[in-house]
Amino acid sequence: QVQLVESGGGLVQPGESLRLSCVSSKSILSYDIMGWYRQAPGNERELVATVPRGESATYADSVKGRFAVSRDIVKNTLYVQMNSLRPEDTAVYYCYARDSRTFRVYWGQGTQVTVSS
């Protein structure tokens, strides 16, 4: 059973930074796309960033220039560095990954990010 486990969420003040991690139970090379979504209370889940294998990440306009996704193949981990956080970034953040052979999409359990003064 493939698992994606997020961590790194928490409570921060506006302007501060957080780095979220998403550890995969299998090699991230087996995925053709990975990324992050978020969902705020009462809102639809929205795409934050997507990283196709071998390509650069693309970002939602709302986070462009503030968030940066990276991968560590050795650690089988996807990261998102979130800078200059705003209250509107408050949400549960989920990572996802799509298997390149089966096209099955896996989701993590989510990690809460709260930006508040």
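Residues numbered from 1 in each chain as written. Predicted model: local features only at pLDDT ≥ 70, side-chain atom pairs only at ≥ 80, totals over all residues. Heavy atoms only, no water.

Draft legend 1. Representation of the overall build of the protein chain in the model. Looking only at helices and strands, the protein chain features 0 helices and 11 strands. Start at the N end of the protein chain and walk to the C end: the helices and strands fall as β-β-β-β-β-β-β-β-β-β-β. Considered along the principal axes of its C-alpha atoms, the protein chain spans approximately 45 × 25 × 25 Å. Of all 117 residues assigned to the protein chain, the portion counted as buried reaches 43%. A separation threshold of at least 6 residues defines the contact pool for the protein chain, and within that pool the share at least 24 residues apart is 55%. Looking at the protein chain as shown, the accessible area adds up to about 6300 Å², and 47% of this sits on carbon and sulfur atoms. (Helix = DSSP H or I, 4+ residues; strand = E, 2+ residues; numbered from the N terminus. Buried < 20%, exposed > 50% of the residue type's maximum accessible area, 1.4 Å probe, protein only. Contact = heavy atoms within 4.5 Å. Areas by Shrake-Rupley, 256 points an atom, 1.4 Å probe, with all protein chains shown as cover.)

Draft legend 2. Focus on the sheet that holds strand β3 (residues 18-24). Reading across the sheet, the 4 strands line up as β1-β3-β8-β7 and stay open at both edges, with antiparallel pairing between neighbours. Lying at the two open borders of the sheet, with one neighbouring strand each, are β1 (4-7) and β7 (67-72). Geometrically, the sheet is characterised by an average inter-axis angle of 15° between neighbouring strands, direction not taken into account. Relative to β3, β1 is paired through 4 bridges, and the arrangement is antiparallel. When the bridges of β3 are listed, glutamate 6 appears paired with cysteine 22. (Pairing = 2+ DSSP bridges. Axes fitted to C-alpha atoms, helices over the stretch in contact; angles between N-to-C directions.)

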